[in-house]
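The residues making up each chain are set out below.
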Amino acid sequence: TEGLITLDRGFKNTGSCESAITFLDGEKGILRYRGYAIENLAENATFLEVAYLLIFGELPTETELDSFHADIKKESHVDEEMKKILDGFPKSAHPMGVVSSLTSALIAFNPSSVNVDSKEDMYQAIVKLLAKFPVICAWALRKSKGQPFDYGDNKLSYVDNVLKMMFKKPNEDYEVDPVVSSALNKLLILHADHEQNCSTSTVRIVGSSHAGLFASISAGVSALWGPLHGGANQAVIDMLEGIKEDGGDTKKYMAKAKDKDDPFRLMGFGHRVYKNFDPRAKIIKKSADEVLGNLGVQDPVLDIAKGLEKEALEDDYFVKRKLYPNVDFYSGIIYRALDIPTNMFTVMFALGRLPGWIAQWREMRLMKEPIGRPRQVYTGETHREMKPIEKR
Ligand code: SDX
């Protein structure tokens, strides 16, 4: 502490705001959205119901949900010019970079979404983004596959429309598999919000300058991309594949994870808040067995993942540091079973987190939070006089 400045690297012990949206108890492994346990919502709600709950604070009546969905459907197209921006990317572009860029590009085609002060103006910007963001995400996948940028079908549910936009092949019908639909619905609900994590804090701080909703969410997508955050779900599968290729010797990798000189980190393990278990990981692990079973998919990396978890639970390096599987550890195994390519896993995380980001942005703006501007502890040079270049 220097004067009134308390240094708190990574904001490990800093509360940045008051919020009524999501409650976490890291010791007890509790996660609730507006007071509802995620275990209950994941089993019984639709993702759009949970989006409404997070954003507006209450579970919707049937009329409210239908009207919300109708407003979203009205906005579920993007300007054709957006395809020219997509055309500019190489097929190899990482979908998270495409999604972040196109979310920002949406501003140019929806200028009224920038200066929103009234609840009504915010609502219009919110339904626009909830409608157009999935299109962008699906088109990022189609771009990587060289497929035309198509729409889904507004007669379908929000989640089924996402699946159709992602997977409908040209000149072929696409029927949504109920197993796939329910698996994705559950995964999106489990990712929907998580209080002041890195990407949500990014959305809040960008939004606190009144940069507008789309710009704030674009920044949140970029923050989520990092392998220490949402990018971990892709890094987990790359890690598990590497262990499988290397003969499946999990003990060797556990040793690497504990070796201070080895940069290898067990991806999908550990959490800033959860110090016992991540309740989402428990649900996703159970769902992985069910979904792969229902789809008749055998994935050897699931057994490797379970082996790593078992060993970590018995290893005092991990137990002492309270390192347990987090939301990213098993989710990629389900995404893969749903034929979602590895580099799209973090886009799926962003699709799930979108309503949470929106809810947090809206709360920040309605509470008229001040612009975020932390201080620092200065450790640089004291005052110096400039020398002319010939004398340096
Ligand atoms: C998400 O915040 C959220 O809520 C995020 C999220 C959400 O829903 O928004 O839950 C989603 O981002 C989940 C986390 C995904 N990331 C990973 O799986 C990447 C691997 N995990 C770590 O990098 C790490 O655990 C973090 C980033 C998740 C948490 O980092 P912290 O809280 O800053 O902890 P730390 O890096 O200071 O580690 C504490 C100790 C260290 O050892 P010591 O220096 O004390 O000896 O634990 C060790 C670390 O070396 N450690 C690990 C480890 N994670 C921490 N050692 C091996 N493998 C790991 N995965």
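The name given to the protein chain in an unreviewed UniProt entry is Citrate synthase, with Psychroflexus sediminis as the source organism. Looking at the protein chain in UniProt, the text filed under Sequence similarities (unreviewed entry) is "Belongs to the citrate synthase family." Quoted verbatim from the Pathway (unreviewed entry) field of UniProt, the annotation for the protein chain is "Carbohydrate metabolism; tricarboxylic acid cycle; isocitrate from oxaloacetate: step 1/2."

**Brief notes about the overall build of the protein chain**
A count of helical and extended segments in the protein chain gives 17 helices and 3 strands. Computed over the C-alpha atoms, the radius of gyration of the protein chain is 22 Å, within 12% of the 21 Å expected from 2.2 N^0.38 for a compact globule of 392 residues. Its C-alpha atoms give the protein chain principal-axis dimensions of roughly 70 × 55 × 50 Å. Across the 392 residues that make up the protein chain, the buried fraction comes to 52%. Considering only intrachain contacts with a sequence separation of at least 6, the fraction spanning at least 24 residues in the protein chain is 75%. For the protein chain, the computed accessible surface area is about 18,900 Å², with 51% contributed by carbon and sulfur atoms. Between the centroid of the 51 positive side chains of the protein chain and the centroid of its 55 negative side chains there is a distance of 5 Å.

**Comments concerning the pairing of strand 2 (residues 30-33)**
Sheet topology note: the strand 1 (residues 22-25)/strand 2 ladder contains 4 bridges and is antiparallel. Of the residues in strand 2, the one forming a bridge with Thr22 is Tyr33. Remark: 4 residues form the turn of the hairpin made by strand 1 and strand 2, two consecutive strands paired antiparallel; Gly29 in that turn has positive phi of roughly 65 degrees. For strand 2 and strand 3 (residues 36-37), the ladder comprises 2 bridges, and the chain directions are antiparallel. Paired with Arg32 across the two strands is Ala37, which belongs to strand 3. Turn length for the strand 2-strand 3 hairpin, with the two strands adjacent in sequence and antiparallel, is 2 residues, and the turn residue Arg34 shows positive phi of about 50 degrees.

**Observations regarding the layout of surface pockets**
Reported here for the second largest pocket is a volume of approximately 220 Å³. What lines the second largest pocket is a set of 14 residues, among which Thr46, Leu48, Leu65, Ser157 and Tyr158 lie closest to the centre. Those elements that provide at least two residues to the lining of the second largest pocket are helix 2 (47-56), helix 3 (62-74), helix 7 (158-167) and helix 8 (178-190). Counting residues per element, the lining of the second largest pocket draws most heavily on helix 3, which supplies 4 residues.

**Regarding the site of the ligand**
His194, Leu266, His271, Arg272 and Arg280 are the nearest of the 25 residues found near the ligand. His229 is positioned with one of its side-chain polar atoms (N or O) 2.9 Å from an oxygen atom of the ligand. In isolation the ligand exposes 1,100 Å². Once the protein is present, 78% of that is buried. In the shell around the ligand, the residues fall into 10 nonpolar, 7 polar and 8 charged.

**Observations regarding empty space enclosed by the protein**
All told, the structure shown has 2 cavities of 30 Å³ or more when counted by the stated rule. Quantified by volume, the largest cavity comes out at close to 100 Å³. Taken together, 16 residues form the lining of the largest cavity, with Ile72, Ser76, Asn154, Tyr158 and Asn161 sitting closest to its centre. Among the secondary structure elements, those contributing two or more residues to the lining of the largest cavity are helix 3, helix 6 (119-145) and helix 7. Residues belonging to the lining of the largest cavity are distributed by class as follows: 9 nonpolar, 5 polar and 2 charged. Roughly 40 Å³ of volume is contained in the second largest cavity. Lining the second largest cavity we find Gly270, His271, Tyr274, Asn276, Phe277, Asp278, Lys322, Tyr324, Pro325 and Asn326.

**Looking at the environment of Leu188**
Considering the arrangement of structural elements, one finds Leu188 in helix 8. For Leu188, a relative accessible area of 1% gives the class buried. Between the alpha carbons of Leu188 and Lys306 there is a distance of 22 Å; along the sequence they are 118 residues apart. When near neighbours in sequence (up to four residues on either side) are disregarded, Leu188 contacts Phe47, Val159, Met348, Leu351 and Gly352.

Analysis parameters
- Residues numbered from 1 in each chain as written.
- Predicted model: local features only at pLDDT ≥ 70, side-chain atom pairs only at ≥ 80, totals over all residues.
- Heavy atoms only, no water.
- UniProt positions renumbered as here; feature names shortened; annotations may be inferred.
- Helix = DSSP H or I, 4+ residues; strand = E, 2+ residues; numbered from the N terminus.
- Rg over C-alpha atoms; globule rule 2.2 N^0.38 Å.
- Buried < 20%, exposed > 50% of the residue type's maximum accessible area, 1.4 Å probe, protein only.
- Contact = heavy atoms within 4.5 Å.
- Areas by Shrake-Rupley, 256 points an atom, 1.4 Å probe, with all protein chains shown as cover.
- Lys, Arg positive; Asp, Glu negative; His and termini not counted.
- Charge placed at Lys NZ, Arg CZ, Asp CG, Glu CD.
- Pairing = 2+ DSSP bridges.
- 1 Å grid on protein atoms, 1.4 Å probe; cavity = no way out; pocket = protein on both sides within 12 Å on 5 of 7 lines; lining within 4 Å.
- Points joined across faces, edges and corners; volume = space filled by probe spheres on them.
- Near = heavy atom within 4 Å.
- Polar contact = N/O pair within 3.5 Å; in protein donor to acceptor, adjacent residues only side chain to side chain.
- Nonpolar A, V, L, I, M, F, W, Y, C, P; charged D, E, K, R; others polar.

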